[in-house]
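Read off the chains here:
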Amino acid sequence: MSDAPSGSRRSELATRTLTGLALVALALVALALGGFVFWLVVVTIGVFMMAEWSDLNGADAKTKRLGQYVLSVPLAIMCPLAAGPDFFALGLLAGAFFFLTIITRRPQLGLGIFYCGLPIYALLLIRHEPDGLRNALWALSLVWATDIGAYFAGRSIGGPKLAPRVSPNKTWAGLIGGIALATVLAMTMAQLYRLPGRFVLATPLLAILAQLGDLFESHLKRRAGVKDSGSVIPGHGGFLDRLDGVVPVMPVAALLVVVPLAF
């Protein structure tokens, strides 16, 4: 009897690991190809994210589909065959927010347009700019490194809880471990790929932001009374579960990429 739970945990871990590796491989291939392929992958994910956001906010099936359709308009404009990730697309995101909020009379649901659409816009913008492949890889991998560092440091060290009421498993040791691994990654990229110093200096702050994004999504799930935001990814739950750290990091990373070019 005691072997069954252990075997189940091993099977779940294997599924989680294989699925995670497949997702990273897909992200890297799409990132390397760029252009239309990258746009197609990330906007598809954005539509899934909006569905999960709607579920977490108690929307019915009809309202959920409306939210996805409304978000799809600015996402479509971000296509490299259309306007791309420019200020027009950013304005459409704002317009989509107001439209969905007014139609549904649910501002919390309307905020999903920004929560799901803004990181997609930011990631496409980063990839579109000079050195886009390197910079987008940095922005994504620092989130991955933060998650990995936090997981192993939290499991091996333990200690005081970071936010026990929101996420009982997270510890201060995990936060520090995540920051440390993300910073080491950025320093390595600076040596190998000439990652700008301002990106390296910003990485610890972005790692903290990634952890805050994780905590915020945990708050949303706790409020909704669910374990995962969805079930579309075997062993991982939903896309919001996997991208909770990406959501707040991407807009800030995009500002770091774009602002120096404008001045």
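Rules of the game
Residues numbered from 1 in each chain as written. Predicted model: local features only at pLDDT ≥ 70, side-chain atom pairs only at ≥ 80, totals over all residues. Heavy atoms only, no water. UniProt positions renumbered as here; feature names shortened; annotations may be inferred. Helix = DSSP H or I, 4+ residues; strand = E, 2+ residues; numbered from the N terminus. Buried < 20%, exposed > 50% of the residue type's maximum accessible area, 1.4 Å probe, protein only. Contact = heavy atoms within 4.5 Å. Expected span 1.5 Å × (residues − 1). Bend = angle between axes of the 7 residues up to and from the residue. Patch = residues over 30% accessible without salt bridge, like charges linked within 9 Å, V, L, I, M, F, W, Y side chains within 5 Å. Areas by Shrake-Rupley, 256 points an atom, 1.4 Å probe, with all protein chains shown as cover. Salt bridge = Lys/Arg side-chain N within 4 Å of Asp/Glu carboxyl O. Axes fitted to C-alpha atoms, helices over the stretch in contact; angles between N-to-C directions. Left-handed = near helix turned anticlockwise from the far one by under 90°. Nonpolar A, V, L, I, M, F, W, Y, C, P; charged D, E, K, R; others polar.

Going by what an unreviewed UniProt entry lists, the chain is known as Phosphatidate cytidylyltransferase and is assigned to Sphingomonas kyungheensis. Regarding the chain, the UniProt comment filed under Catalytic activity (unreviewed entry) reads as follows: "a 1,2-diacyl-sn-glycero-3-phosphate + CTP + H(+) = a CDP-1,2-diacyl-sn-glycerol + diphosphate". For the chain, the Sequence similarities (unreviewed entry) comment in UniProt is given as "Belongs to the CDS family."

1. Details of the UniProt feature "transmembrane region" (unreviewed entry) in the chain
Here the UniProt feature "transmembrane region" (unreviewed entry) sits at residues 21-49, 69-102, 109-126, 132-152 and 172-193. Secondary structure over residues 69-102 splits into 74% helix and 0% strand, and the C-alpha atoms at its two ends are 15 Å apart. Annotated as 100% helix and 0% strand, the span residues 109-126 places its first and last C-alpha atoms 27 Å apart.

2. Notes on the side chain of Arg134
Examined against the element boundaries, Arg134 turns out to sit in helix α6 (residues 132-157). Given a relative accessible area of 17%, Arg134 falls into the buried group. Not counting residues up to four positions away in its chain, the partners in contact with Arg134 are Met189, Tyr193, Arg194, Leu195 and Pro196.

3. Regarding helix α8 (residues 197-224)
Taking 1.5 Å of rise per residue, 28 residues should cover 40 Å, and α8 covers 41 Å from first to last C-alpha, within 8% of that figure. Considering bend angle alone, the principal kink of α8 is centred on Thr203 and spans about 40 degrees; proline Pro204 follows within four residues of it. Phi for Gly225, located one or two positions after α8, is positive at around 75 degrees.

4. Some thoughts on a nonpolar patch on the surface
Together, Val29, Leu33, Phe36, Val37, Leu40 and Leu81 line one region of the surface with nonpolar side chains, adding up to about 580 Å² of accessible area. Of all the elements in the fold, those that place two or more residues in the nonpolar patch are α1 (3-33) and α2 (35-56). Among the elements that line the nonpolar patch, the one with the most residues is α2, at three residues. Mapped onto the elements of the fold, Val29 is located in helix α1.

5. Remarks on the environment of Arg223
Considering the arrangement of structural elements, one finds Arg223 in helix α8. Its relative accessible area of 43% is what places Arg223 among the partly exposed residues. Contacts of Arg223, omitting those with residues within four sequence positions, involve Leu56, Asn57 and Gln108.

6. With respect to the packing of helix α7 (residues 172-193) against α8
At a minimum axis separation of 9 Å, α7 and α8 run at an interaxial angle of 145 degrees. α7 and α8 meet at a crossing whose hand is right-handed. In this structure, α7 uses Leu175, Gly178, Ile179, Ala182, Thr183, Ala186, Met187 and Ala190 to contact α8, whose residues at the interface are Val200, Thr203, Pro204, Ala207, Ile208 and Gln211. A breakdown of the residues in the contact of α7 with α8 according to their chemical character gives ten nonpolar, four polar and no charged.

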